Amino acid sequence: MVTNGVRALSALADPTRRSIFEALPQAPRAVGELADAVGVSSSAVSQHLRVLREARLVSVRHRGNRRLYSLDPRGLADARDYLEQFWPSALAAYAAALSEAE
């Protein structure tokens, strides 16, 4: 079963989507602004934004006839929750490696 944490990490694995995502923390942006910032067509940005929205990494709000995209903290929380399940075993392996080194 694919969790939303996995979906968020998969969405960010694509370099173009990651660039779009990284262009959003400063302020909400329209598709055209993101296309200029990332260097791809507006239609390509729209397709990538759909994937990012499905992973809950970006949200959209309408302002007049424009759609403004911004970061959605839910997707990052999902990714963090997914990764945190591995911390206990990673820390145990690290402690075991330290013990063996001594």
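Just above, that's the structure.
Residues numbered from 1 in each chain as written. Predicted model: local features only at pLDDT ≥ 70, side-chain atom pairs only at ≥ 80, totals over all residues. Heavy atoms only, no water.

**Considering unusual backbone geometry**
And step 1. Even without a glycine there, the phi angle at Arg56 is positive, about 60°.
And step 2. Here Arg56 shows up in the loop between helix H4 (42-54) and strand S1 (58-63). (Helix = DSSP H or I, 4+ residues; strand = E, 2+ residues; numbered from the N terminus.)

**Describing the pattern of salt bridges**
Pairs may arise between side chains of opposite charge once their charged atoms sit close together.
And step 1. In total, this model carries six salt bridges according to the counting rule given.
And step 2. Of the charged contacts, one joins Glu54 and Arg50 as a salt bridge, the two residues approaching to 3.3 Å between their closest N and O atoms. Remark: Arg50 and Glu54 occur in helix H4; sequence separation between them is four residues, near one turn of the helix.
And step 3. Judged by relative accessible area, which is 48%, Glu54 ranks as partly exposed.
And step 4. Between Asp72 and Arg74 there is a salt bridge, and its shortest N-O distance comes to 2.8 Å.
And step 5. On the basis of relative accessibility, which here comes to 43%, the residue Arg74 falls in the partly exposed class. (Salt bridge = Lys/Arg side-chain N within 4 Å of Asp/Glu carboxyl O. Buried < 20%, exposed > 50% of the residue type's maximum accessible area, 1.4 Å probe, protein only.)

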